[in-house]
Structure formats: C-alpha cells, structure tokens
Amino acid sequence: MMTMNNQMPTDDDWLEQALRANAREHTASYLPDDGFTARVLGQLPRPAALPAWRRPALWALWAIVAIAILAALPVWFEDVFSNIAALFLGQRLRLTDVAMLLTLLGGVTWSALFFAARTE
Amino acid sequence: MSSPAVSDAQLIARVLVQDDRHAFGELVRRHQSTVRACLRKLTTGNAALADDLAQETFLLAYKNLKSFRQEAKFSTWLYRIAYNAFLADARKMKESPLADDADLDALSAEHHETEESRPVARAASLKIDLERAMATLSDAERAAIIQCYHNDLSHEEAALVLGCPVGTVKTHVLRAKQKLKARLGAWAPPT
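No experiment lies behind these values; they were computed from the predicted model shown.

Asks: Help me understand the overall build of chain B in this model?
Replies: Tallying secondary structure elements over chain B gives nine helices and zero strands in all. Secondary structure elements of chain B occur, N-terminal to C-terminal, as α-α-α-α-α-α-α-α-α. Sorting the 191 residues of chain B into buried and exposed places 36% on the buried side. For chain B, contacts bridging at least 24 residues in sequence account for 62% of all contacts bridging at least 6.

Right under this line is the structure:
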C-alpha cells in the first residue's frame, strides 16, 4: 500500500475517482438469484382462507334474516308492496311470493359476495 | 437496459388488490441483486448476514406494502427498509461484523506481489484497501457513502433512506471521505 504514491493518477480528487470506480463495479455486478426469490416467497404469510364452515353458516344466517324480515313486515307494507307489484306484474303478490323473492335476492347477493371474496 | 413490460407500480397494485404472489415474486427478482449488494456493502462483505437481512427486507416490504406511497422509487423504499433492518441487527449484535481480515490480507498480498507489473492488480489493491477502509467507518458514514455512491442516490433520496436530514447526510459523506483519505493516504498522488 505504501508504494502506491507514484502509480496513481495525479488527479486532485483521487478518492472521488476511486469511490466512483468502486460504485461502477458495484452497479455492474449482478447477483444471481440462486433461489433467493423462492426462499422469500416461501416465507410469506399464508393467505387468509375462508373457514370451511363459513358458507353453510352464512346461508343459515341469511335464511334467518329473511324469515325475520318477512315476519316483521307490517300488513300495510305488504298491501303497498302487493299493489306496486300488481301495477307491474298484473297480479297481486302473496306473502309467500315476497318470501321467495327475498330468498332469491339473498341467494344472488351471497353468491356474488362469495365469488368476490373467493381465494385461489 | 430496456424497461420491463410491467412497471413496479403495476406489480405493487396487483399485490395489494389481488394478493398476487407471482407479482411480488417478480418484484423480488427485479430488486434482489441491488438490495443484497447494498446489504453486503453495509455488512462489509458478510454475504450470509446480508442475504438474511435482504430476506427480512422483502418480507417487511410485503407486510408493509400498503404504506408505500409511491412518492419515492420502490427501490429507494426498499433501501430504507434494508438499512433499518441492518441497523436493528447491528444494535442487536452491538457491533456490525467485519469482513474476514485474513481473507483480505491474503488477497491484498496477492495483488501487491504483482502490482509492479500489472495496472489491473494495482486497481484491485486499491479496491481491497478501500473496502478495508470502508469497514472502519461508522455505520452511518458507511451507509451515507453507499447510498450516495453505490446506489447513486441524490442527497435528498439518501436522507429519505437513512431517515435523517439532508445536512446530516452531507456531513456523514464529508467525514467519511476525510477518514478514507487519511486511511488511504498512501494512495494519494504526490503533491
């Protein structure tokens, strides 16, 4: 190291040059992956999976909600709803028709939710 | 080098919206070399420790990807996580591990033997002496040099990575260069 004096360029800032050269070498050298990415991916937290019991539980829950809504429907609301339905469909809807409609609506809603929240 | 067909921002969006692990894998593949190389410099050549820290860096990046605001480049954000991981490890170990001096001595001796006849060997000798001198810097000084020179960041970007004011980065760089000059004085041209 001590014999280098007369062999270096006589630039004012030789250290700057040395640092730049070292940096260029650092930038140019590419470290091969060698399984590094696979190791990282292997350590990622597992994706949150929906528990197996969730689907039937949600179906049961929706059924309960639908029944509760139907049971709570006031008579005047049923009348109004039936008249409106009659206006469009040409016939009055019975409570069972409303229940079926709500159940159908619930089924479609939950299916859409399951589809949106599905995991690979 | 041509720019990739899918940008980092698009890959990040895929990870955030769909938890797309293939997209995250692509991000790791793109940046693993620079992050690992940067950590190797910070750990003064300890490749095993650097790779462990790099792995930790990418895991932390995955967990905290939502907090990446795209104000800086993704690589700059990764450097910051990597530097924090390095600091945490250095605190844990009390002192950062240095490169094996015996190996450096052997390499240095080998190059000094032929330096009279081969300019390439002279450059290699300077490189080894520079690496050794870098190892004597404080963590903050070494980190400032690595960010500003090796990662080619501006002082502002380096300040973001190192989590300190721009003025502090400049001071670290200045002090580091003074120490390197003193350490590598024999390489200075004659006045």
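Next comes the rest of the account.
Asks: So what exactly am I meant to see when it comes to the interface of chain B and chain A here?
Replies: As a measure of interface size, the accessible area lost when the parts come together is often cited. In this assembly, 32 residues from chain B lie in contact with 31 residues from chain A. The set of elements that each furnish at least two residues to the side of chain B that touches chain A consists of helix H2 (21–42), helix H3 (47–63), helix H6 (119–135), helix H7 (139–150) and helix H9 (166–183) of chain B. Among the elements that line the side of chain B that touches chain A, the one with the most residues is H2(B), at nine residues. Across the side of chain B that touches chain A, the residue classes break down as 15 nonpolar, five polar and twelve charged.

Asks: Honestly, the environment of Thr57(B) in this entry has me stumped. Any pointers?
Replies: All names here are of chain B. By the secondary structure assignment, Thr-57 is in helix H3. According to the C-beta neighbour criterion, Thr-57 is buried, with 27 such atoms within 10 Å. As a C-alpha pair, Thr-57 and Gln-32 span 25 residues in sequence and 9.9 Å in three-dimensional space. When sequence neighbours within four positions are dropped, the list of residues in contact with Thr-57 reads Val-35, Leu-78, Ile-81, Ala-82 and Ala-85.

Asks: Would you mind showing me how to read H7(B) here?
Replies: Here H7(B) lies mainly inside the structure; ten of its twelve residues are buried. Within H7(B), burial applies to Glu141(B), Arg142(B), Ala143(B), Ala144(B), Ile145(B), Ile146(B), Gln147(B), Cys148(B), Tyr149(B) and His150(B).

Asks: Can you help me understand the nonpolar core in this one?
Replies: If you look at soluble globular proteins, the nonpolar side chains tend to sit buried side by side. Grouped together as the largest cluster of nonpolar side chains are 47 residues, with contacts concentrated most on Cys38(B), Leu39(B), Ala82(B) and Ala144(B). Residue contributions to this core reach at least three from each of two domains, namely domain 1 (8–93) and domain 3 (136–184) of chain B.

Asks: I tried to follow the confidence of the model for chain A on my own but got confused; where do I start?
Replies: Atomic detail in the predicted coordinates should be set aside for any region of low pLDDT. Of the residues in chain A, 73% have a pLDDT of 70 or more, and the chain-wide mean is 74. Note that residues 1–10 of chain A has pLDDT below 50 and, in this model, 16 contacts with residues that lie over four places away or in other chains.

Asks: Would you mind showing me how to read the environment of Ser75(B) here?
Replies: Residues and elements named next belong to chain B. Following the sequence through the fold, Ser-75 ends up in helix H4 (residues 74–93). C-alpha separation for the pair Ser-75 and Asp-8, spaced 67 residues apart in sequence, amounts to 9.4 Å. Other than its neighbours up to four places away in sequence, Ser-75 contacts His-31 and Thr-34.

Asks: Explain the confidence of the model for chain B to me, please; I cannot follow it from the model alone.
Replies: Residues and elements named next belong to chain B. Averaged over all residues, the pLDDT of chain B equals 82, while 81% of them reach at least 70. Mean pLDDT across the elements of chain B bottoms out in helix H5 (residues 101–114) (46) and peaks in H3 (94). Counting interchain partners and residues more than four positions distant, the pLDDT-below-50 stretch residues 96–117 has 29 contacts. The ipTM value of the predicted complex is 0.70, and its pTM value is 0.62.

Asks: Quick question: what am I supposed to make of H3(B) here?
Replies: Every α-helix carries 3.6 residues per turn, so stepping three or four residues along brings you back to the same face. A rise of 1.5 Å per residue sets the reference length of H3(B), with its 17 residues, at 24 Å; its end C-alpha atoms lie 24 Å apart and thus fit the reference within 8%. Buried residues of H3(B): Ala50(B), Asp51(B), Leu53(B), Ala54(B), Gln55(B), Glu56(B), Thr57(B), Phe58(B) and Ala61(B), and no others. Buried residues belonging to H3(B) abut helix H2 (36–43) of chain A together with H2 and H4 of chain B.

Asks: Please explain the environment of Ser33(B) as it appears in this structure.
Replies: Relative to the elements of secondary structure, Ser33(B) occurs in helix H2. Owing to 16 C-beta atoms within 10 Å, Ser33(B) belongs among the partly exposed residues under this scheme. Separated by 21 residues in the primary sequence, Ser33(B) and Ala54(B) place their C-alpha atoms 9.5 Å from one another. Non-local contacts of Ser33(B), meaning those with residues more than four positions away in its chain, are made with Tyr30(A) and Leu31(A).

Asks: Help me out: how do you make sense of the packing of H2(B) against H3(B) in this one?
Replies: Two measures define how a pair of helices packs: the angle their axes make with one another and the distance between the axes. Residues and elements named next belong to chain B. Contact geometry for H2 and H3: axes closest at 9 Å, N-to-C directions at 140°. Our classification of the angle between H2 and H3 gives oblique. Once H2 is placed against H3, the crossing between them reads as right-handed. Contacts between H2 and H3 involve Phe-24, Val-28, Gln-32, Val-35, Arg-36, Leu-39 and Arg-40 from the former and Ala-47, Ala-50, Asp-51, Leu-53, Ala-54, Thr-57, Phe-58 and Tyr-62 from the latter. Of the residues contributing to the contact of H2 with H3, the split by class is ten nonpolar, two polar and three charged.

Procedures and definitions
- Residues numbered from 1 in each chain as written.
- Chains lettered and ligands numbered in written order.
- Predicted model: local features only at pLDDT ≥ 70, side-chain atom pairs only at ≥ 80, totals over all residues.
- Helix = DSSP H or I, 4+ residues; strand = E, 2+ residues; numbered from the N terminus.
- Buried ≥ 20, exposed ≤ 12 C-beta atoms within 10 Å, placed from the backbone.
- Contact = placed C-beta atoms within 7 Å.
- Nonpolar A, V, L, I, M, F, W, Y, C, P; charged D, E, K, R; others polar.
- Core = buried A, V, L, I, M, F, W, Y, C linked by C-beta atoms within 7 Å.
- Domains from an automatic or database assignment.
- pLDDT = per-residue confidence, 0-100.
- Expected span 1.5 Å × (residues − 1).
- Axes fitted to C-alpha atoms, helices over the stretch in contact; angles between N-to-C directions.
- Parallel < 35°, antiparallel > 145°, perpendicular 65-115°, else oblique.
- Left-handed = near helix turned anticlockwise from the far one by under 90°.

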